[in-house]
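Commentary on secondary and tertiary structure
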Amino acid sequence: MKAPPFSLKYEDFSMKNIADLGDLNGKTVIVRADFNVPMRDGEITDEGRIAASLPTIEKLSEAGAKLVLISHLGRPGGATVPELSLKPVSNKLTSLLDKKVFFAEDTVGESASLMRSNLKPGEILLLENLRFNAEETDQDANVRLSFAKKLAHSADAFVSDGFGVVHRKQASVTELATVLPSAAGLLVAKETDVLAAITQNPKRPSVVVLGGSKVSDKLGVINHLLERVDTILVGGGMLFTFLAAKDLTIGSSLCEPELIPTVKEYMERAKKLGVKIIVPTDVVIAKKFAANSPHLTVPVENITDTEFGETAIGLDIGPDTVKTFTKYIQSAKTVFWNGPMGVFEFEPFANGTRGIADAIARSEGFTVVGGGDSAAAVRELGFSDKQFDHISTGGGASLEYLEGKTLPGLEVLL
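Residues numbered from 1 in each chain as written. Predicted model: local features only at pLDDT ≥ 70, side-chain atom pairs only at ≥ 80, totals over all residues. Heavy atoms only, no water.

**A few points about the nonpolar core**
To be explicit about the condition: Residues belong to one nonpolar core when they are buried, are Ala, Val, Leu, Ile, Met, Phe, Trp, Tyr or Cys, and are joined through side-chain atoms within 4.5 Å. Accessible area is worked out with a 1.4 Å probe on protein chains only. A residue is then buried under 20% of its type maximum, exposed over 50%, and partly exposed in between. Strands are runs of DSSP state E lasting at least two residues, helices are runs of H or I lasting at least four, and both sets are numbered from the N terminus onward. Residue contacts are counted whenever heavy atoms from the two residues lie within 4.5 Å of one another.
Counting 100 residues, the largest nonpolar core has Leu176, Val209, Phe242, Ile277, Trp337 and Ile356 as the members making the most contacts within it. Looking at this core element by element, the count peaks at six residues for helix α8 (residues 239-245). For Ile277, the residues in contact, after removing those within four places along its chain, are Leu226, Ile232, Val234, Phe242, Tyr266, Met267 and Ala270. Listed in part, the 28 residues of the second largest apolar core include Ile18, Val31, Phe103 and Val159.

Here's what the structure looks like:
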């Protein structure tokens, strides 16, 4: 991994680190991880978030801590949903760590209590899905605090290492950190360090690649980054709102017309700031939203001037756009990417995302993939995590950080 273009450490945020917790040998340490991984037929399809948690787990285990790992999976809504059990995660952890990871069938019940009391120094226990308990996500802070105290029972310290949830007010994220002596884990520190690096003082030129379906999901990011980057490359479904803002016809492509005035305002503001917002010059259109749909590559001025007419729907950026975007990426010293360029799940519309991933992987600059669908895309398309300097584990958390928002899970660690 290349060194970040700008480095912030724990002390810059006044966050305690693991060393600040003192001697942990024989102490019970609760680690809030983010094991919310994609599953299919009971099998984990992307182990990226689990792998990212290993450095913290290994460090604490080697220090002789009795480790109690906690996480959520999916949205069971406070009910026990067998399909969302964390049991497959404990099996995966056992495989990756080459060390037995015990599993409790509840979080604050008899199974968890008994297994926690039997842990020996260095041993690891994973509790069942936190969100099987409605208190974990309750809107009432007092209810969350009560649940956090149950989780903290007989524990000596808490390590927050689930960056993917630090933007949420949840018992295991915010309240638990107030109940026990707390510190940021290695992953949370790394994520914070990297995101601060690309927003506060990046090496120039700095390029941000934004995709995904809705422009509404990225407006806050664009607003915050306009004064912090040199170029913003726009792809994904959100590009069609930008095209509409340029008075181009977009057929049946995804668009948020109510946001056209805002997009126009941002483009004008970017012009005044000397920031380039680059919109695609060609797109791949289809007759319908389907993997086997007839499709064409056309200039953005001709989306409806084809046999598809007004039914044309844009599903990917075109090859000329990939070449243009690649030139900006290759000349950049800092690159941040969030959001696929098209419907990469359908092979005919995956070339844009694949092309951008390849360009970023070959970049000599400091490269960051912003989690969520972007992380899933690079792995699904055959790229290795090692081809990028950092792949974030927090899609929503990364975006809110880049919007300049205060993240409660980090704030409570200050």
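**Re the sheet that holds strand β5 (residues 101-103)**
Put simply, the rule is: Only strands joined by at least two bridges in the DSSP assignment are considered to pair. Helix axes are fitted only over the stretch in contact, all axes being lines through C-alpha atoms; the angle between N-to-C directions runs from 0 to 180 degrees.
Across the sheet, which stays open at both edges, the six strands sit in the order β5-β6-β4-β1-β7-β8 with parallel pairing between neighbours. If you trace the sheet from one side to the other, it starts and ends with β5 and β8 (182-184), each paired once. Within the sheet, the average angular offset between the axes of one strand and its neighbour, ignoring direction, is 25°. In terms of strand pairing, strand β4 (residues 66-70) meets strand β6 (residues 124-126) through three bridges, oriented parallel. Following the sheet pairing, Leu69 is matched in β6 by Leu126. Packing of helix α5 (residues 171-179) onto the sheet brings it into contact with β1 (28-32), β4, β7 (157-160) and β8, and relative to β7 it is tilted by some 140°.

**Details of helix α4 (residues 141-152)**
Here is the rule we go by: One fewer than the residue count of a helix, multiplied by 1.5 Å, yields its expected span. Note: the arc covers the axis-to-C-beta directions of the helix. Whenever two N or O atoms come within 3.5 Å, that pair is a polar contact, provided that in protein one can donate a hydrogen and the other can accept it, and provided that, for residues adjacent in sequence, both atoms are side-chain atoms.
Across its 12 residues, α4 extends 16 Å between first and last C-alpha, which sits within 8% of the 16 Å expected from 1.5 Å per residue. Among all positions of α4, only Arg144, Phe147, Ala148, Leu151 and Ala152 are buried. Projected down its long axis, α4 carries its buried residues within an arc of 140°, all on one side. Opposite its buried face, α4 presents the exposed residues Asn142 and Lys149, each directed more than 90 degrees away. Lining the buried residues of α4 we find β1, β4, α3 (110-117) and α5. Measuring from the side-chain oxygen of the N-cap residue of α4 to the backbone nitrogen of Asn142 gives 2.8 Å; that N-cap residue is Asp140. Positive phi shows up at Ser154, right after α4, with a value of about 70°.

**Details of unusual backbone geometry**
Here the residue pair Arg204 and Pro205 is connected by a cis peptide bond, since its omega of 0° sits within 30 degrees of zero. At Ser154, a residue that is not glycine, the phi angle is positive and equals roughly 70°. One non-glycine residue with positive phi stands out, namely Asp247, at about 65°. Positionally, Asp247 belongs in the loop between α8 and α9 (260-273). The class for Asp247 is exposed, based on a relative accessible area of 64%.

**Comments concerning the sheet that holds strand β16 (residues 366-369)**
Taken in spatial order, the six strands of this open sheet run β11-β10-β9-β15-β16-β17, and their pairing is parallel. Strands at the two margins of the open sheet, each flanked by one partner only, are β11 (276-278) and β17 (390-391).

**Quick notes on the environment of Asn142**
Structurally, Asn142 can be placed in helix α4. Judged by relative accessible area, which is 58%, Asn142 ranks as exposed.

**As for the pattern of salt bridges**
The line we're drawing: Criterion for a salt bridge: a side-chain nitrogen of Lys or Arg within 4 Å of a carboxyl oxygen of Asp or Glu.
Using the criterion set out here, one finds 12 salt bridges in the structure. Close ionic contact of Asp247 with Lys264 constitutes a salt bridge, the shortest N to O distance being 4.0 Å. Taken as a pair, Asp247 in the loop between α8 and α9 and Lys264 in helix α9 lie far apart in primary sequence, 17 residues in all. Exposure remark for Lys264: the relative accessible area of 38% places this residue in the partly exposed category.

**Thoughts on the packing of helix α10 (residues 319-331) against helix α11 (residues 351-362)**
Here is the rule: By the definition adopted for this analysis, an angle is roughly parallel if under 35 degrees, roughly antiparallel if over 145, roughly perpendicular if from 65 to 115, and oblique otherwise. Less than a right angle of anticlockwise turn of the near helix away from the far helix marks a crossing as left-handed, whereas a clockwise turn marks it as right-handed. In this count, Pro and Cys sit with the nonpolar residues alongside Ala, Val, Leu, Ile, Met, Phe, Trp and Tyr, while Asp, Glu, Lys and Arg are called charged and the others, Gly among them, polar.
Between α10 and α11, the shortest axis-to-axis distance is 9 Å and the interhelical angle comes to 20°. With respect to their mutual orientation, α10 and α11 come out roughly parallel. The element α10 and its partner α11 pack so that their crossing is right-handed. Across from Val322, Phe325, Thr326, Ile329 and Gln330 in α10, the residues of α11 making contact are Gly352, Gly355, Ile356, Ala359, Ile360 and Arg362. Here the contact of α10 with α11 is composed, by residue class, of six nonpolar, four polar and one charged.

**Quick notes on the packing of helix α6 (residues 186-200) against helix α13 (residues 395-402)**
Two elements in contact, α6 and α13, have axes whose closest approach is 10 Å; the angle formed by their N-to-C orientations is 35°. In this structure, α6 crosses over α13, and the sense of that crossing is right-handed. Residues Thr192, Leu195, Ala196, Ile198, Thr199 and Gln200 of α6 touch α13, and the partners they reach there are Ser398, Tyr401 and Leu402. Partitioned by chemical class, the residues of the contact of α6 with α13 number five nonpolar, four polar and no charged.

**Looking at the side chain of Glu256**
Spelled out, the test is: Charged residues are defined here as Lys and Arg on the positive side and Asp and Glu on the negative side; His and the ends of the chain fall outside this count.
You can see Glu256 is positioned in the loop between α8 and α9. The buried charged residue Glu256 lacks any salt bridge partner; its closest oppositely charged side chain belongs to Lys214, at an N-O distance of 5.7 Å. Within the structure, Glu256 has its side chain in polar contact with the side chain of Ser216 (distance 2.8 Å). Not counting chain neighbours up to four residues away, the residues in contact with Glu256 comprise Lys214, Val215, Ser216 and Thr241.

Honestly, that's just the spatial picture; any functional story needs more than this.
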